[in-house]
Amino acid sequence: MTPRSSGSRALLAGGAGLALTASLGLGLAGTADARTTDAGTARSAADAGSTTVSPAGHAFSATLNGTSTFKAGSVTVTCNVSSSVPADGSDNNRVPAAPGNVNPAGPVASALNAPTYSDCAANLPGVDVTVTTSGTWGVSMQYGSPITASLTVPKGGLVLKTTGLANCTVTAAPDTAATFPAAFTNGAPSQLVVTDAAVPVVAEGGFGCPTSATSSLFNATYDVTDVTDPASQITVGS
């Protein structure tokens, strides 16, 4: 696990994660409460149309546009910096090579490196935080109108610890990997948008810690850019 420190009076806007959130069962048919039933998954698969993610084999990054927010109980956290980027020797953050970038009846999924978060603050004064992210995260895209997406955070893939006036540990996806919905928009750059996605959490600590919270609401917009060819765009089509 790789600790990330956001500095004085900082906190993390977790889950997205990519909340950006962000598969990796990589079947990735997420729901607003990060759970699906077998019947619901079967219906989604039966109704899904074809999806093509382009350019095949290209590496991509996801960079926060604006701010991300994370709300658990009475605690709200806002982050100004977050990203998931390719790494040498890893196939994460890459559109599948052909023909894997095409699915005639469902979504196309990619593994993601765990996103980092910094320049964050909470609505609690006198608080410092250390953020740890780990594991392989994921994203899946399904062509349609609108284009839908799913983000997955692996089990325990995001942990934040606050110190100061409030000592608290919040773990996202504490029991199993959690998948939550997003939307994808083709553009220059293309964007992945998470709106009020519920991510399961467990919070432990004393005064000021939202110990009764079982989920958090995550909001963020990520610019998705082509790293292999910056003149190209990552797009989702039929």
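Analysis parameters
- Residues numbered from 1 in each chain as written.
- Predicted model: local features only at pLDDT ≥ 70, side-chain atom pairs only at ≥ 80, totals over all residues.
- Heavy atoms only, no water.
- Helix = DSSP H or I, 4+ residues; strand = E, 2+ residues; numbered from the N terminus.
- Buried < 20%, exposed > 50% of the residue type's maximum accessible area, 1.4 Å probe, protein only.
- Areas by Shrake-Rupley, 256 points an atom, 1.4 Å probe, with all protein chains shown as cover.
- Pairing = 2+ DSSP bridges.

(A) Representation of the overall build of the chain within the structure. A count of helices and strands for the chain gives 1 helix and 17 strands. Counting over 238 residues, the chain shows a buried share of 46%. Surface accessibility of the chain: about 10100 Å² in total, with carbon and sulfur atoms responsible for 54%.

(B) Examining the pairing of strand E4 (residues 68-72) more closely. Side chains of E4 alternate between two faces, with Ser68, Phe70 and Ala72 buried and Thr69 and Lys71 left unburied. Here E4 runs beside strand E5 (residues 75-84); their pairing, made up of 5 bridges, is antiparallel. In the strand pairing of E5, lysine 71 is matched with threonine 76. Count of turn residues in the E4/E5 antiparallel hairpin: 2 residues, of which glycine 73 carries a positive phi of about 60°. Pairing analysis gives 3 bridges linking E4 to strand E16 (residues 215-226), with the strands arranged antiparallel. Across the sheet, residue threonine 69 finds its bridge partner in E16, namely asparagine 219.

(C) View of the sheet that holds strand E2 (residues 51-54). Here we have 3 strands laid out as an open sheet, ordered E6-E2-E17, and antiparallel in their pairing. Each having just a single partner strand, strand E6 (102-103) and strand E17 (235-237) make up the two edges of the open sheet. Pairing of E2 with E6 involves 2 bridges; the strand directions are antiparallel. Within the sheet, the bridge partner assigned to threonine 51 lies in E6 and is asparagine 103.

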